[in-house]
Amino acid sequence: QVQLVESGGGLVQAGGSLRLSCAASGRTFSSYAMGWFRQAPGKERELVASINWSGITGYADSVKGRFTISRDNAKNTVFLQMNSLKPEDTAVYYCAAHPIFPLLLQGKSDYWGQGTQVTVSS
């Protein structure tokens, strides 16, 4: 079992930065692929960034060059550094975990955090 708790969301002006954190419980965190998803009102949930157990990362085209995902296995934590934020980044951001990387990318995770709101004002 893995429990995920996100933090770090908030209100920021366009062009600003936020850093999201996702703290995970469980002794097998280092073997899990981790991802950040977001869902804006009236829109489907989308994958923003992912990182597998060895540190290989992937990003949605809309955030490439602005967002960076990283993980600290010693602290069972995954981060999402968000720079140059835009109003269209406004959404609830969710952390997810899955032992199988391709399934994480499909959003087929049994483990999700409660979400943290990110609001970017223009």
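Scroll up a little and you will see the structure.
Residues numbered from 1 in each chain as written. Predicted model: local features only at pLDDT ≥ 70, side-chain atom pairs only at ≥ 80, totals over all residues. Heavy atoms only, no water.

K.L.:
How should I be thinking about the sheet that holds strand β8 (residues 77-82) in this particular structure?
P.N.:
Backbone-to-backbone hydrogen bonds join strands into a sheet, with any given pair of strands oriented parallel or antiparallel. Reading across the sheet, the four strands line up as β1-β3-β8-β7 and stay open at both edges, with antiparallel pairing between neighbours. Each of the sheet's edge strands pairs with one partner strand only, and the pair in question is β1 (4-7) and β7 (67-72). On average, each strand axis in the sheet is tilted by 15° relative to the strand beside it, whichever way the strands run. Bridging between β7 and β8 involves six bridges; their strand directions are antiparallel. Bridge pairing in β8 links phenylalanine 67 to methionine 82. (Pairing = 2+ DSSP bridges. Helix = DSSP H or I, 4+ residues; strand = E, 2+ residues; numbered from the N terminus. Axes fitted to C-alpha atoms, helices over the stretch in contact; angles between N-to-C directions.)

K.L.:
Sorry if this is basic, but what is going on with the packing of aromatic side chains here?
P.N.:
In this description, a pair of aromatic rings is defined by centroid distance and the angle of the planes. Evaluated as defined, the whole model comprises two aromatic pairs. In this structure, arginine 19 packs its charged tip against the face of phenylalanine 79, placed 4.0 Å from the ring centre. In this structure, arginine 45 packs its charged tip against the face of phenylalanine 37, placed 5.6 Å from the ring centre. (Phe/Tyr/Trp six-rings, centres within 6.5 Å; stacked < 30°, edge-to-face > 60°. Lys NZ or Arg CZ within 6 Å of the ring centre and 35° of its normal.)

K.L.:
Hey, could you run me through the state of the cysteines in this one?
P.N.:
In a disulfide, the sulfur atoms of two cysteines are covalently bonded to one another. What the rule picks out here adds up to one disulfide. For cysteine 22, the disulfide goes to cysteine 95, at an S-S distance of 2.1 Å. Taking the torsion about the sulfur-sulfur bond, which here is approximately -80°, the covalent link between cysteine 22 and cysteine 95 counts as left-handed. Of this pair, cysteine 22 sits in strand β3 (residues 18-24) while cysteine 95 sits in strand β9 (residues 91-98); the two residues are 73 residues apart in sequence, bridging distant segments of the chain. Its relative accessible area of 0% is what places cysteine 22 among the buried residues. (Disulfide = S-S within 2.5 Å. Buried < 20%, exposed > 50% of the residue type's maximum accessible area, 1.4 Å probe, protein only.)

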